[in-house]
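Examination of the molecular architecture
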Amino acid sequence: RKVIQRLRVVQPDNFDTVRMELETALQEQFEKMGPLGEKVQQECEKELLEAQARTDALVAKRAEAELKKLEEEAKRKAEDEKIAKLKKDVQTLCLDAEEKLAYTTAANTRLEEALKDTDNHAGILK
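Residues numbered from 1 in each chain as written. Predicted model: local features only at pLDDT ≥ 70, side-chain atom pairs only at ≥ 80, totals over all residues. Heavy atoms only, no water.

Describing the overall build of the chain
Along the chain, the regular secondary structure elements total three helices and zero strands. When the elements of the chain are put in sequence order from the N terminus, they spell out α-α-α. In terms of overall dimensions, the chain is more spread out than a globule: its C-alpha atoms have a radius of gyration of 41 Å, far above the 14 Å expected for 126 residues. Seen through its C-alpha atoms, the chain measures out along the principal axes to roughly 135 × 15 × 15 Å. When the 126 residues of the chain are sorted by exposure, 12% land in the buried category. Counting only carbon and sulfur atoms, one obtains 58% of the accessible surface of the chain, whose full area is about 10800 Å². (Helix = DSSP H or I, 4+ residues; strand = E, 2+ residues; numbered from the N terminus. Rg over C-alpha atoms; globule rule 2.2 N^0.38 Å. Buried < 20%, exposed > 50% of the residue type's maximum accessible area, 1.4 Å probe, protein only. Areas by Shrake-Rupley, 256 points an atom, 1.4 Å probe, with all protein chains shown as cover.)

Concerning the pattern of salt bridges
The full count for this structure, using the stated rule, is five salt bridges. Two residues, Arg 6 and Glu 21, come together in a salt bridge whose shortest N-O distance is 2.3 Å. Remark: Glu 21 occurs in helix α2 (residues 15–33) and Arg 6 occurs in helix α1 (residues 2–8); sequence separation between them is 15 residues. The shortest N-O distance in the salt bridge between Lys 85 and Asp 89 comes to 3.1 Å. Of this pair, Lys 85 and Asp 89 both sit in helix α3 (residues 36–125), four residues apart, which is roughly one turn of that helix. (Salt bridge = Lys/Arg side-chain N within 4 Å of Asp/Glu carboxyl O.)

Below is the structure:
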């Protein structure tokens, strides 16, 4: 009975151990149980099947949770990579804009100097 009770709360990592204990106890105690032996054996088989179903479900649930975790990590990694790429693109665009601004500023300065020179030459010609 004690082993059957342990079987009701068994975890996947110790299922095989408890099952072997149950089989050993049943084998050792079967004859001592007399006419109740068959009934106890049937109860053991029933509990064993239910415990196997519970542990299988728990293993499946854990596997599903692990898969979900891995999928979330992969999604997060892909998002991080996308963010890094967008950040690099923005930096490239900013550098390009700064270069164009510097070029435009220099061209504007040259134009203003040329206009001053033109005004100076026009004053001289008058």
